[in-house]
Amino acid sequence: MTQTIVIAEMSNNTVHASTAELVSAAIALGGEPTLVVPCTEAAQADGAANMGAANILAAKSAAFSHYDASGWAAALDAVAPQGTVITGASPQSKDLAARLAARRGVSVIQDAIAIQGNNITSPVYSGKAMQTVSATGPVVVSVRSNVFAAAQGGASEASVVDTDGNVATSVQEFMARASERLDVAEANIIISGGRGMGSPDNFSHLEAIADTIGAAVGASRAAVDTWEAIPHSMQVGQTGKTVNPNLYIAVGISGAIQHLAGMRSSKYIVAINKDADAPIFQHADYGIVATWEEALPVLHESLKGMMG
Amino acid sequence: MPNIIVLVKQVPDTNAKIVVTGDRVDLSSVKMVMSPYDEFAVETALQHREAAGGEVTAVTVGGAGAEKILKDAKAIGVDHIVRIDADDEMDSNALQTLIAKAVGELGGEVVYCGKSAADTGAGSTGPGVAERMGWASVSNIIGAGFDGGLSVTMPSGGGNAKVSVPLPAVISCDKGGFKVRKPNVKGIMQAKRASVEVHSIEAPASTVSIVSHALPPAKPAGKSYEGGAAAAEVAKLLRDEANIL
Ligand SMILES: Cc1cc2nc3c(=O)[nH]c(=O)nc-3n(C[C@H](O)[C@H](O)[C@H](O)COP(=O)(O)OP(=O)(O)OC[C@H]3O[C@@H](n4cnc5c(N)ncnc54)[C@H](O)[C@@H]3O)c2cc1C
Ligand SMILES: Nc1ncnc2c1ncn2[C@@H]1O[C@H](COP(=O)(O)O)[C@@H](O)[C@H]1O
């Protein structure tokens, strides 16, 4: 059986749960999955147990202490078997996928949302179309989260291999985010505000709900451009972040095509807007025609009740 | 005085409606523009030149129709414009190999590109070209400084990191804090007269081929409510129907 290699998705030196989804994607491609965990200490690979892989390889290297594209690609290339490689589709993992593919002289297919036999489908034109490709020979494929069910079982013990890669860049300074809020790119639930919020201070209503349900707070470009206090890191859309959460709540956002480009693949979309004709309603699973002043307090109270 | 290269790609205007005819996207009646992130790449390249001297060459890979965006880059202030003649269905291996050869031929020492092209959404080209050249790369930068070598700002685990980058390197640009400049009349006149250098470079055969395009599956019509009180009902549905909370 051919091998398929899964590069574990890491977060704060632990194996992120979405890695088990990547193993499912590898199984869908028809290979026997080997899970490679980039780590600085072998114990960081413990979380890879029972994620459905046939083998687990803890790839141990000082190169993995901070992300450097060339160092990571070299260190992983040295230990990962040949074959098709699967990574996550976070910005860092897509970067790594491209670098690793180039290192092996093969092509990379980004943001897979479906795999059927040899056919791999990804969104193109900002999600306005789906493209299905097929490859002859090995490729590197990044796979979006929340698409495949998590795989289970399989190997529980990792074998440890030492590896190395030359790190090219060096971090001079790290600037922590002002708030401890979850980043929209990492969140499973996002509540976003647009120009309809009226002022940046009113985002506190979104933050309060976010705290109740463990969501990240996002924004439209109009909000980011209009108000200094709303940073670009919160922007969702074509020139902001592309997100794929289970739930996206759009408040006071009209639903311009460039905003939709960043969030239309969300599993469930809730829209709150006072204008019944706002385009966002065409994409909403649940649309509420109301001002946020009316709707948010009710929403918050109900959610508080449910979250106990 | 660095020899600076900026990669620009022609893509459908992001406001354009995408039509699928048969099983392929049909772009015949779509307005084409420079991919939005490439504008930030051009801006960063120009700032690099202003700080360190040297010259900026804008490079695109595509057919003759792609020359308009090279003229746009010229109008904003790049020094040279180059098109690598190619038809568009290339896989990432073929495209990156081609671009790496072009950068080599042009003697580039630093390459700027967009974080992802508006058509592919991939973000593969920058890191892929860098690896093929054996260069450093940093992707998705939101700021750049040129004092005492190149340093860039990029998002990193819960914050931003300022990273120094040894040249040669490939840098892919996000929007971040960059304000792009607009062409002035003089620039537009110069761009009109400027000639595009056309190169032809051999690319390896593609092994990834497009099977089909399709429109995204239409979403079933959602439920809609009037008035803020309905938010209570929606919260219940999120729990009981969508199983989210
Ligand atoms: C190249 C390019 C790239 C772009 N990239 C992005 C991007 O990445 N992300 C992005 O978001 N946009 C992007 N845009 C901008 C986009 O076209 C829209 O201008 C923007 O999304 C509008 O933001 P908005 O919906 O917040 O504002 P508006 O369009 O002004 O909508 C505000 C909405 O709030 C509603 N409203 C007002 N008051 C209330 C109230 N009290 N309660 C409830 N609802 C209320 C209104 O009915 C309206 O629908 C881009 C544009 C271009 C040209
Ligand atoms: N055909 C091309 N010609 C010139 N530059 C390109 C081309 N394709 C991609 N690029 C550059 O690489 C970036 C990322 O593209 P992609 O990897 O397709 O997302 C783009 O924003 C451009 O800067």
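Because the structure is predicted, anything quoted here is derived from the model rather than measured.

Visitor: How should I be thinking about the packing of helix α3 (residues 91-103) of chain A against helix α4 (residues 125-133) of chain B in this particular structure?
Guide: Following both chains from N to C, one finds α3(A) and α4(B) inclined at 35°, their axes separated by 8 Å at the closest point. Every pair of crossing elements has a handedness; the one defined by α3(A) and α4(B) is right-handed. Contacts between α3(A) and α4(B) pair Asp95(A), Ala98(A), Arg99(A), Ala102(A) and Arg103(A) from the former with Pro127(B), Gly128(B), Ala130(B), Glu131(B) and Arg132(B) from the latter. When grouped by side-chain class, the residues that make up the contact of α3(A) with α4(B) number 4 nonpolar, 1 polar and 5 charged.

Visitor: Where do I start with the domain arrangement of chain A in this structure?
Guide: Much of the literature gives interface size as the accessible area that the parts lose upon coming together. Residues and elements named next belong to chain A. Entries for chain A in the domain assignment read domain 1 (3-162) and domain 2 (189-307). Here the C-alpha centre of domain 2 lies 31 Å away from the C-alpha centre of domain 1. Of the residues lining the interface, 7 residues belong to domain 1; the matching set on domain 2 comes to 10 residues. Each partner contributes to the roughly 610 Å² buried at the junction of domain 1 and domain 2, and carbon and sulfur atoms together form 40% of this total. Linking domain 1 with domain 2 are 0 salt bridges. The tally of links from domain 1 across to domain 2 stands at 3 residue pairs in polar contact (both at pLDDT 80 or more). Residues that form the side of domain 1 that touches domain 2 fall into these classes: 1 nonpolar, 4 polar and 2 charged.

Visitor: Whenever I open this one, the interface of chain B and chain A confuses me. Can you help?
Guide: Counting from both sides, the interface comprises 81 residues of chain B and, opposite them, 77 residues of chain A. The largest share of the area that chain B buries against chain A comes from Glu131(B), Lys162(B) and Lys219(B), three residues that together contribute 10% of it. The tally of links between chain B and chain A comes to 3 salt bridges. Put simply, Arg99(A) and Glu131(B) hold a salt bridge, and the shortest N to O gap is 2.7 Å. Across the chain B-chain A interface, the total number found is 35 residue pairs in polar contact (both at pLDDT 80 or more). At 8 residues, helix α6 (residues 231-240) of chain B tops the list of elements feeding residues into the side of chain B that touches chain A. Residue composition of the side of chain B that touches chain A, by class: 36 nonpolar, 30 polar and 15 charged.

Visitor: Got a minute to help me understand helix α4 (residues 203-213) of chain A in this structure?
Guide: Residues and elements named next belong to chain A. Of all the residues in α4, the buried ones are Phe 203, Leu 206, Ile 209, Ala 210 and Ile 213. Down the axis of α4, the buried side of the element spans an arc of 120°, and every buried residue falls inside it. Where α4 is buried, its residues contact β14 (189-193), β15 (216-219), α5 (221-226), β16 (247-251) and α7 (292-307). A positive backbone phi angle near 70° is found at Gly 214, which sits one or two residues after α4.

Visitor: How do you make sense of the nonpolar core when you look at a structure like this?
Guide: One recurring pattern in soluble globular proteins: nonpolar side chains tend to sit buried together. If you look at the biggest cluster of nonpolar residues, it comprises 38 residues, and the most contacted ones within it are Ile191(A), Phe203(A), Leu206(A), Val251(A), Leu296(A) and Leu299(A). Apart from the residues lying within four places of it in its own chain, the contact partners of Leu206(A) are Ile191(A), Ser192(A), Gly193(A), Met197(A), Val217(A), Val251(A) and Leu296(A). Listed in part, the 35 residues of the second largest apolar core include Val56(B), Val152(B), Phe178(B) and Ala194(B).

Visitor: Can you help me understand the sheet that holds strand β8 (residues 110-114) of chain B in this one?
Guide: Strand pairs in the sheet, formed through backbone hydrogen bonds, run parallel or antiparallel to each other. Residue and element names in this part refer to chain B. Strand order in the open sheet made by the 7 strands is β9-β13-β8-β1-β6-β7-β14, with parallel pairing throughout. The open sheet is flanked by β9 (136-141) and β14 (197-199), the only strands paired with a single partner. Going across the sheet, the axis of each strand differs from the next one's by a mean of 20°, ignoring polarity. Pairing of β8 with strand β13 (residues 169-173) involves 5 bridges; the strand directions are parallel. Looking across to β13, one finds that Gly 114 is bridged to Cys 173.

Visitor: Help me out: how do you make sense of the sheet that holds strand β10 (residues 143-145) of chain B in this one?
Guide: The antiparallel open sheet is built from 4 strands, whose spatial order is β13(A)-β12(B)-β11(B)-β10(B). Because the sheet does not close on itself, it has two edges, and the strands there are β13 (170-176) of chain A together with β10 of chain B. Each strand of the sheet is rotated relative to its neighbour by a mean of 25°, with strand direction disregarded. Here β13(A) runs beside strand β12 (residues 159-165) of chain B; their pairing, made up of 6 bridges, is antiparallel. By the bridge assignment for β12(B), Val171(A) is matched with Val163(B).

Visitor: Mind showing me how you'd approach the site of ligand 2 here?
Guide: Residue and element names in this part refer to chain B. Neighbouring ligand 2 are 17 residues, the closest being Asp 38, Ala 117, Thr 120, Gly 123 and Thr 125. With respect to ligand 2, the backbone of Ala 117 contributes an N or O atom lying 2.8 Å from an oxygen atom. The separation between an oxygen atom of ligand 2 and a polar main-chain atom of Ser 124 is 2.8 Å. In isolation ligand 2 has 480 Å² of accessible area, and contact with the protein removes 96% of it. Listing elements by their share of the shell around ligand 2, those giving two or more residues are β6 (55-62) and β8. Top contributing element to the shell around ligand 2 by residue count: β6, with 3 residues. Looking at the shell around ligand 2 residue by residue, the class counts come to 8 nonpolar, 7 polar and 2 charged.

Visitor: Could you clarify how one ought to interpret the pairing of strand β5 (residues 55-60) of chain A in this entry?
Guide: If a strand is regular, its side chains alternate between the two faces of the sheet. Residue and element names in this part refer to chain A. Pairing of strand β4 (residues 32-39) with β5, which is carried by 6 bridges, proceeds in the parallel orientation. Residue pairing in the sheet places Thr 34 in a bridge with Asn 55 of β5. Looking at chain direction, β5 and strand β12 (residues 158-162) are connected through 5 bridges and run parallel. Counted as the bridge partner of Ala 59 is Val 161 from β12.

Rules behind the numbers
- Residues numbered from 1 in each chain as written.
- Chains lettered and ligands numbered in written order.
- Predicted model: local features only at pLDDT ≥ 70, side-chain atom pairs only at ≥ 80, totals over all residues.
- Heavy atoms only, no water.
- Axes fitted to C-alpha atoms, helices over the stretch in contact; angles between N-to-C directions.
- Helix = DSSP H or I, 4+ residues; strand = E, 2+ residues; numbered from the N terminus.
- Left-handed = near helix turned anticlockwise from the far one by under 90°.
- Contact = heavy atoms within 4.5 Å.
- Nonpolar A, V, L, I, M, F, W, Y, C, P; charged D, E, K, R; others polar.
- Domains from an automatic or database assignment.
- Buried area = accessible area lost by both parts, 1.4 Å probe.
- Salt bridge = Lys/Arg side-chain N within 4 Å of Asp/Glu carboxyl O.
- Polar contact = N/O pair within 3.5 Å; in protein donor to acceptor, adjacent residues only side chain to side chain.
- Buried < 20%, exposed > 50% of the residue type's maximum accessible area, 1.4 Å probe, protein only.
- Arc of directions from axis to C-beta.
- Core = buried A, V, L, I, M, F, W, Y, C linked by side-chain atoms within 4.5 Å.
- Pairing = 2+ DSSP bridges.
- Near = heavy atom within 4 Å.
- Areas by Shrake-Rupley, 256 points an atom, 1.4 Å probe, with all protein chains shown as cover.

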